[in-house]
Amino acid sequence: MAKTWNVALVTGASSGIGWELAKELARPGTKVGLVARRGDLLDRIAAEIRTAGGIAETAIADVTERVATVSALRNLQERLGPVDLLIANAGFGSPTFVEPTMNVETLETMYKVNVFGVLYSIEAVLPGMLERGRGHLVAVSSLGSYKGLPGESGYTSSKAAVNNLMEGFRIQLRPRGIHVTTVCPGFVVTPMTARNNFKMPFLLKADEAARRIVRALRYKPAVFDFPRPMRWLMELTRWLPDGVIRRAMADYNENPPG
Ligand SMILES: NC(=O)c1ccc[n+]([C@@H]2O[C@H](COP(=O)([O-])OP(=O)(O)OC[C@H]3O[C@@H](n4cnc5c(N)ncnc54)[C@H](OP(=O)(O)O)[C@@H]3O)[C@@H](O)[C@H]2O)c1
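Residues numbered from 1 in each chain as written. Predicted model: local features only at pLDDT ≥ 70, side-chain atom pairs only at ≥ 80, totals over all residues. Heavy atoms only, no water.

### Some thoughts on the site of the ligand
- For the ligand, the set of nearby residues contains 29 residues, the closest of which are Ser-15, Arg-37, Tyr-155, Val-188 and Thr-190.
- Here an oxygen atom of the ligand sits 2.8 Å away from a polar atom, N or O, in the side chain of Arg-38.
- Within the backbone of Val-63, an N or O atom sits 2.8 Å from a nitrogen atom of the ligand.
- Taking 880 Å² as the accessible area of the ligand by itself, protein coverage stands at 95%.
- Looking at the shell around the ligand, the elements with two or more residues in it are helix H1 (16-26), helix H5 (153-173) and helix H6 (191-194).
- Ranked by residues supplied to the shell around the ligand, first place goes to H6 with three residues.
- Here the shell around the ligand is built from residues that sort into 14 nonpolar, 11 polar and four charged. (Near = heavy atom within 4 Å. Polar contact = N/O pair within 3.5 Å; in protein donor to acceptor, adjacent residues only side chain to side chain. Areas by Shrake-Rupley, 256 points an atom, 1.4 Å probe, with all protein chains shown as cover. Helix = DSSP H or I, 4+ residues; strand = E, 2+ residues; numbered from the N terminus. Nonpolar A, V, L, I, M, F, W, Y, C, P; charged D, E, K, R; others polar.)

Structural data, given as structure tokens:
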């Protein structure tokens, strides 16, 4: 497969989907810049990519910190060249508790990573893309964004915010030559889902998810929802009475993932 992008930056590249996205992008020759907090893991994936003949650079940043995030991504841009593709993938999920106390601090952090992390990453690369009149901005959201779910409303609403943010950017930036895509995966096997103690329908392996994402991004879709059956299931939840959803998620709420 010929390379589509010369330089791509991936946040949350130290694990799961981001790790596999980095490898998938690097395989045909895209130079990849990898961002996350765990530098040892970033070094491992960069070494793996270099051993396979690819080019990878790393930068450590906590995406909840604006200055650190912008400077890490700009530093990667200086080392690798103008960025064609940004995949703001860093994210985390946690249940939303209402008792004995609400876990508001965790939800605040989740919003900072899932929403502001995307915003700061875009802030880092957008000026260059605007100047060149081209580029592709991608955020990894979730199929969970399509429905507020009991015990998950912090996560699902943070991802709904991402969808809305990216939609606005998409409409605004298209005339400036910049494409914007929101990627909404269903369940994928990663450390994030390893804690789930329920059967995850239509579960995909992370390398398969990354392959599907990279393949789809070549066509610059506005939104990429996958796998399709899980998308349809989420659509169905929009029409189900609240009581049905509450009962379906009762076990989950009684035994939330640790
Ligand atoms: N797995 C699924 O089923 C699934 C489904 C739908 C959507 N998603 C979304 O896919 C994305 C990747 O998730 P995953 O499943 O691959 O999870 P994962 O294996 O836990 O990876 C999460 C990545 O995000 C990074 N990250 C988390 N907090 C960060 C922070 N404050 N600053 C910088 N990086 C941070 C982590 O790196 P460090 O810890 O090293 O910083 C890690 O590289 C997330 O946005 C997630 O919401 C996942």
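### Looking at unusual backbone geometry
- For the bond running from Glu-99 to Pro-100, omega is 0°, close enough to zero to count as cis.
- On the secondary structure map, Pro-100 appears in the loop between strand E4 (85-88) and helix H4 (104-132).
- Each neighbour pair has its own omega, and for Phe-226 with Pro-227 the value is -10°, a cis peptide bond.
- Locating Pro-227 in the fold gives a position in the loop between strand E9 (223-226) and helix H8 (228-237).
- Residue Phe-202 is not a glycine yet carries a positive backbone phi of 55°.
- Here Phe-202 shows up in the loop between H6 and strand E8 (204-205).
- Not every positive phi belongs to a glycine, and Lys-220 is a case in point at roughly 50°.
- Following the sequence through the fold, Lys-220 ends up in the loop between helix H7 (206-217) and E9.

### So, the nonpolar core
- Counting 35 residues, the largest nonpolar core has Leu-25, Leu-34, Leu-85, Ile-87, Ile-213 and Leu-217 as its most contacted members.
- Tallying contributions element by element places H7 first for this core, with seven residues.
- In contact with Leu-34, other than residues within four places in its own chain, are Val-10, Ala-13, Ala-22, Leu-42, Ile-45, Ala-46, Ala-56, Glu-57, Thr-58, Ala-59 and Leu-76.
- Core analysis: the next-biggest nonpolar cluster, separate from the first, contains 28 residues, Val-7, Leu-86, Ile-178 and Val-180 among them. (Core = buried A, V, L, I, M, F, W, Y, C linked by side-chain atoms within 4.5 Å. Buried < 20%, exposed > 50% of the residue type's maximum accessible area, 1.4 Å probe, protein only. Contact = heavy atoms within 4.5 Å.)

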